[in-house]
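Given next are the chains, with one letter for each unit.
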Amino acid sequence: MAVQPQGREKPFHIISPVLESLPLSKAASTKVYMKLENVQPSGSFKIRGIGHLCQEVSMGRVVPLPLWGGGNAGLAAAYAAKKLGIPVTVVVPSTTSPTTIHKLEELGAEVEVSGQVWDEANRRALELAKTEGWVSIHPFDHPLVWEGHTSLVQELKDSLETKPDAILLAVGGGGLLAGVVAGLRRVGWQDVPIVTAETWGAHSFHAALAAGRLVTLPDITSVAKCLGAKTVAARALECAQECQVISQVVEDTEAVRAVEQFL
């Protein structure tokens, strides 16, 4: 099915709720709100940026889209490709769960397993893009991905009565951070501090901040495999120089315990 461009297409993401978490507000002694991106069609915020990128690169064309990345990035690409009627191959590392691979296949994606970590799957996807002449979709390091993520901040401004004192987000490769920084500037909130969270063993952003340059981790040793990029996007490091970023790194056990508490 060919894509028929009709001006700006309707985005694939929805406007997600912003709800106060009473337990977190009590623990922090201030109001804490959660942006519930888990209700997105693909299950995460990734559909904002990746969906936007897929729409832009496929305008008027039917082209295969190879994407490298596991978990939420792959699911977002598979969902967007299905909506666009375009074939997609998702290259995932061997640490990707069978459940995720099954979900990708249910969405109609071809799945190729390559390497043990994201960076190795990345190399394979670049090979496919070059040899097959496909259009590659990067899960986090692309201006159109960042642009898609800016919609989060506009929705926050529309939902909250006042400007937040800080925004907390997770960092894997840095695409969400880049999009939020651009969004804050767009709505005039560039002075809002950003607290970034990573787990030890997947802390490429924290390591880059400490060194003042991009750092490549020897391996992803955290249990948060799908969040792990051995090298963060260069744009993420630039963002830390343009606004106040407070980097926090936690142990795997702390992250797992938090997940259990939310469940």
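All figures in this text were calculated on a predicted structure; none of them were measured in a lab.

Procedures and definitions
- Positions within a chain are numbered from 1, following the residues in the order the chain's sequence is written.
- Given that the model is predicted, a residue must reach a pLDDT of at least 70 before its local features are reported, and side-chain atom pairs must reach 80 or more before they are shown or counted; all residues, however, enter totals for whole chains, interfaces and linings.
- To obtain the side-chain values, all non-hydrogen atoms of the structure were used and water was disregarded.
- Salt bridge criterion: a side-chain nitrogen from Lys or Arg within 4 Å of a carboxyl oxygen from Asp or Glu.
- Helix and strand assignments follow DSSP, with helices taken as H or I runs no shorter than four residues and strands as E runs no shorter than two, numbered in order from the N terminus.
- Lines fitted to the C-alpha atoms define the axes, with helices restricted to the stretch that makes contact. Angles between their N-to-C directions range from 0 to 180 degrees.
- Note on convention: the crossing is left-handed when the near helix lies turned anticlockwise from the far helix by less than a right angle, right-handed when the turn is clockwise.
- In this analysis, two residues are considered to be in contact whenever any of their non-hydrogen atoms come within 4.5 Å of each other.
- For this classification, the nonpolar set comprises Ala, Val, Leu, Ile, Met, Phe, Trp, Tyr, Cys and Pro, the charged set comprises Asp, Glu, Lys and Arg, and every other residue, Gly included, is treated as polar.
- When DSSP finds at least two bridges between two strands, those strands are taken to pair.
- Each domain's extent was defined by an automatic or database domain assignment.
- The term buried area refers to how much accessible surface (probe radius 1.4 Å) is lost by two components on association, counted for both of them together.
- Any pair of N or O atoms that falls within 3.5 Å is considered a polar contact. Within protein, one atom must be able to donate a hydrogen and the other to accept it, and sequence-neighbouring residues count only if both atoms are side-chain atoms.

Close approach of charged atoms allows side chains with opposite charge to pair. In this structure the tally under the stated criterion is nine salt bridges. Taking the shortest distance from any N to any O, the salt bridge between Lys35 and Glu155 comes out at 2.6 Å. Residue Lys35 is found in strand β2 (residues 33-35), and its partner Glu155 is found in helix α7 (residues 151-159); the two are separated by 120 residues along the sequence. Because the salt bridges share partners, they merge into one network encompassing Lys35, Glu37, Arg48 and Glu155.

Here the focus is the packing of helix α8 (residues 175-187) against helix α10 (residues 234-242). It is the contact of α8 with α10, at a shortest axis distance of 9 Å, that shows an interaxial angle of 40°. Regarding α8 and α10, the two cross each other, and that crossing is left-handed. Residues Leu177, Ala178, Val181 and Arg185 of α8 form the contact with α10, whose own contacting residues are Arg235, Ala236, Cys239 and Glu242. A class-by-class count of the residues in the contact of α8 with α10 yields five nonpolar, no polar and three charged.

Turning our eyes to something else, we now look at the sheet that holds strand β7 (residues 194-199). If you walk across this open sheet you meet the three strands as β6-β7-β8, and the pairing is parallel. Each end of this open sheet is capped by a strand with a single partner; those strands are β6 (167-170) and β8 (245-250). Here the average twist between neighbouring strands, direction ignored, is 25°. Bridge count for β7 against β8 is six bridges, and the pairing is parallel. Across the sheet, the residue bridging to Glu198 is Val249, located in β8.

The subject of this paragraph is the domain arrangement of the chain. What the domain assignment reports for the chain is domain 1 (45-130) and domain 2 (142-262). Counting residues at the interface gives 13 residues for domain 1, matched by 18 residues for domain 2. Both sides together, the interface formed by domain 1 and domain 2 hides about 1,300 Å², and carbon and sulfur atoms give 69% of it. Here domain 1 is connected to domain 2 by one salt bridge. A salt bridge links Arg48 to Glu155; the shortest N-O distance between them is 2.8 Å. Seen at the junction of domain 1 and domain 2, the total is four residue pairs in polar contact (both at pLDDT 80 or more).

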